Amino acid sequence: MNGAIPKEIKNTSSNNTANGNGVAALMARSNNPGERITLLVDNVRFIIEKDLVTAHPNTMLGTMFSTGFQFVHPNERGEYEVADGISHTLFRAILDYYKTGLIKCPPTISVPELKEACDYLLIPFDATTVRCQNLRGLLHELSNEGARQQFELFLEEFILPVMVTAAQRGDRECHVVVLLDDDVVDWDEEFPPQMGEEYCQTIHSTTMHRFFKYIENRDVAKQVMKDRGLKKIRCGIEGYPTHKEKIRRRPGGRAEVIYSYVQRPFIHMSWEKEEAKSRHVDFQCVKSKSVTNLAEATADPPLELDASGNPIPPPPENVVAFRADADAGIDGGAVEDAVAADGGELEAAGGANEENA
């Protein structure tokens with residue numbers, strides 16, 4: 001009506017109270033668009049009607065200004081400081097969501113930056129709410145979000161039961177290979193393939209196999225598992241043996257089995273809590289009888305006491321030296337030289353006594 005009053009309302013009798021109230025309400029609504037709030041973002045003021053914000057209660061701004069909620073308080077000028085860390089150019093584009101339901105990404109704003117701001121403000125980021133000139137960037141972000149949701153389903157439906165089975169065996173990690181639905185694994189029980197992983201589990205899912213074909217999806221999967229508390233996460237593609245091709249006999253009669261391998265994606269994860277602790281083996285400490293301390297080796301030997309508490313003198317040096325040499329296994333020539341030297345000293349001593357006599 002653009003503020004104009006219909007002709008029928010003008011010709012109505014003024015005694016009709018109901019029509020009079022309707023005209024007053026219509027004029028009041030046209031002259032008063034509603035309560036307005038001032039938002040301060042990046043030192044720039046934005047004035048917007050409160051009803052537009054509260055019409056989307058699932059967003060952060062809608063929750064802030066809904067009835068009964070008081071998450072934010074105005075400053076001395078009555079302005080609300082919100083969206084910390086978001087530029088005013090980006091926030092101006094995001095405000096269009098409350099007015100028109102669409103966000104037109106400015107050319108100066110990257111798509112990941114817009115996606116991060118929408119996640120912070122709890123605004124849906126999808127093909128129905130975002131318009132962007134950079135279609136590659138937009139589709140990349142949409143694929144990341146879709147991959148996250150898809151892997152959450154894979155994790156709950158396929159991977160978690162395998163991990164629970166491994167945990168019930170007492171294992172602390174799990175290695176999962178994703179096979180196609182029509183892959184047939186036929187191993188020879190007598191000559192099984194030499195697998196790098198001691199415990200290797202398999203999942204038959206063509207859908208998951210196609211999912212892990214993309215490097216970006218593997219990065220998303222690793223981030224999801226990291227957010228769920230898992231560790232030692234590895235994702236990639238490796239060869240997996242499916243069936244035996246032939247057996248070749250080596251010299252000596254040893255058999256060498258050749259298997260046919262196919263390239264399939266794998267996931268490795270761990271839920272061990274104490275992996276940072278030392279893995280050394282504790283041996284019982286036995287006191288060594290050998291002297292390894294230089295100070296101890298050069299120190300005076302400890303005194304031995306008899307039954308009365310008196311120190312026992314050490315044996316003569318020549319006796320100690322001879323016993324030490326004998327115990328050490330010195331050759332016979334060395335022992336004979338020592339004896340001859342002792343005998344010469346005795347003879348010289350004897351000769352001196354005779355002269356004195």
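Conventions used here
Residues numbered from 1 in each chain as written. Predicted model: local features only at pLDDT ≥ 70, side-chain atom pairs only at ≥ 80, totals over all residues. Heavy atoms only, no water. UniProt positions renumbered as here; feature names shortened; annotations may be inferred. Helix = DSSP H or I, 4+ residues; strand = E, 2+ residues; numbered from the N terminus. Buried < 20%, exposed > 50% of the residue type's maximum accessible area, 1.4 Å probe, protein only. Areas by Shrake-Rupley, 256 points an atom, 1.4 Å probe, with all protein chains shown as cover. Pairing = 2+ DSSP bridges. Axes fitted to C-alpha atoms, helices over the stretch in contact; angles between N-to-C directions. Phe/Tyr/Trp six-rings, centres within 6.5 Å; stacked < 30°, edge-to-face > 60°. Expected span 1.5 Å × (residues − 1). Arc of directions from axis to C-beta. Contact = heavy atoms within 4.5 Å. Parallel < 35°, antiparallel > 145°, perpendicular 65-115°, else oblique. Nonpolar A, V, L, I, M, F, W, Y, C, P; charged D, E, K, R; others polar. Salt bridge = Lys/Arg side-chain N within 4 Å of Asp/Glu carboxyl O.

In the nomenclature of an unreviewed UniProt entry, the protein is known as BTB/POZ domain-containing protein 10 of Musca domestica. Recorded in UniProt under Subcellular location (unreviewed entry), the annotation for the protein is "Cytoplasm".

J.: Quick question: what am I supposed to make of the overall build of the protein here?
T.: Helices and strands together make up the secondary structure of the protein, namely twelve helices and eleven strands. Buried positions account for 26% of the 357 residues belonging to the protein. With the model as given, the accessible surface of the protein reaches about 25000 Å², and the carbon-plus-sulfur share is 51%.

J.: Can you walk me through the sheet that holds strand 6 (residues 173–179) in this structure?
T.: Strand pairing in a sheet relies on backbone hydrogen bonds, with the paired strands running either antiparallel or parallel. If you walk across this open sheet you meet the four strands as 7-6-9-8, and the pairing is mixed. Two strands bound the open sheet, and with one partner strand each, they are strand 7 (200–204) and strand 8 (231–249). In this sheet, adjacent strand axes meet at a mean angle of 40° when their direction is disregarded. One ladder, built from five bridges, connects strand 6 with strand 7; its direction is parallel. Across the sheet, residue His175 finds its bridge partner in strand 7, namely Cys200.

J.: Quick question: what am I supposed to make of the packing of aromatic side chains here?
T.: Aromatic ring pairs are described here by two measures, namely the spacing of the ring centres and the angle between the planes. Under the defined criterion, the tally for this structure stands at nine aromatic pairs. Judged by centre distance (5.8 Å) and plane angle (40°), the ring pair of Trp187 and Tyr240 falls under tilted. Here Trp187 is found in the loop between strand 6 and strand 7, whereas its partner Tyr240 is found in strand 8, with 53 residues between them in sequence. The buried category is assigned to Tyr240, whose relative accessible area is 4%. Between Phe211 and Phe212, the ring centres sit 5.2 Å apart and the planes meet at 90°, which makes this aromatic pair edge-to-face. For Phe211, a relative accessible area of 8% gives the class buried. An aromatic cluster of three or more residues is present, and its members are Phe151, Phe154, Phe158, Phe211 and Phe212.

J.: Help me understand the environment of Ala167 in this model?
T.: With respect to the helices and strands, Ala167 occurs in helix 7 (residues 135–168). With relative accessibility at 36%, the residue Ala167 sits in the partly exposed group. As for Ala167 and Trp271, which are separated by 104 residues in sequence, their C-alpha atoms are 9.1 Å apart.

J.: Please explain the sheet that holds strand 3 (residues 80–81) as it appears in this structure.
T.: Taken together, the three strands give an open sheet; going across it, the order is 2-1-3, and neighbouring strands pair in mixed fashion. Across the chains shown, the open sheet's two edge strands, defined by having one partner strand only, are strand 2 (44–49) and strand 3. Note: strand 1 (residues 36–41) against strand 2, six bridges, orientation antiparallel. What sits directly across from Leu40, in strand 2, is Arg45.

J.: Help me out: how do you make sense of helix 9 (residues 215–227) in this one?
T.: Given 3.6 residues to a turn, an α-helix orients residues that are three or four positions apart in the same direction. If you check helix 9, its first and last C-alpha atoms are 19 Å apart, about what 13 residues at 1.5 Å a residue would give, namely 18 Å. By the burial criterion, the buried members of helix 9 are Asn217, Arg218, Val220, Ala221, Val224 and Met225. Along the long axis of helix 9, the arc covered by the buried residues comes to 160°, so they all point the same way. Exposed and facing more than 90 degrees away from the buried side of helix 9 are Ile215 and Lys226. Buried residues along helix 9 sit in contact with helix 7, helix 8 (206–211), strand 8 and strand 9 (255–270). Positive phi shows up at Gly229, right after helix 9, with a value of about 95°.

J.: Please explain the packing of helix 6 (residues 111–120) against helix 7 as it appears in this structure.
T.: Two quantities define a packed helix pair, namely the angle between the helix axes and the distance between the axes. Two elements in contact, helix 6 and helix 7, have axes separated by 9 Å at closest approach and are oriented at 45°. Considering the angle they form, helix 6 stands oblique to helix 7. For the pair helix 6 and helix 7, contact is made by Val111, Pro112 and Lys115 and by Gly137, Leu138, Glu141 and Glu145, respectively. For the contact of helix 6 with helix 7, the per-class residue count stands at three nonpolar, one polar and three charged.

J.: Which parts of the structure should I look at to understand unusual backbone geometry?
T.: Trans peptide bonds make up the majority, and among non-glycine residues the majority have a negative phi. Despite not being glycine, Ala83 shows a phi value in the positive range, around 50°. Here Ala83 lies in the loop between strand 3 and helix 5 (88–100).

J.: When you look at the pattern of salt bridges in this model, what are you seeing that I'm missing?
T.: Pairing is possible between side chains of opposite charge, provided their charged atoms come close. Overall, the coordinates contain eleven salt bridges when judged by the stated rule. Between Arg169 and Asp171 there is a salt bridge, with the nearest N and O atoms lying 2.9 Å from each other. Linking Lys222 and Asp219 is a salt bridge whose minimum nitrogen-to-oxygen distance equals 3.8 Å. Of this pair, Lys222 and Asp219 both sit in helix 9, three residues apart, roughly one helical turn. Of the residues examined, Lys222 reaches a relative accessible area of 29% and is grouped as partly exposed. Overlapping salt bridges, with partners in common, bring together Lys115, Asp119 and Glu145 in one network.

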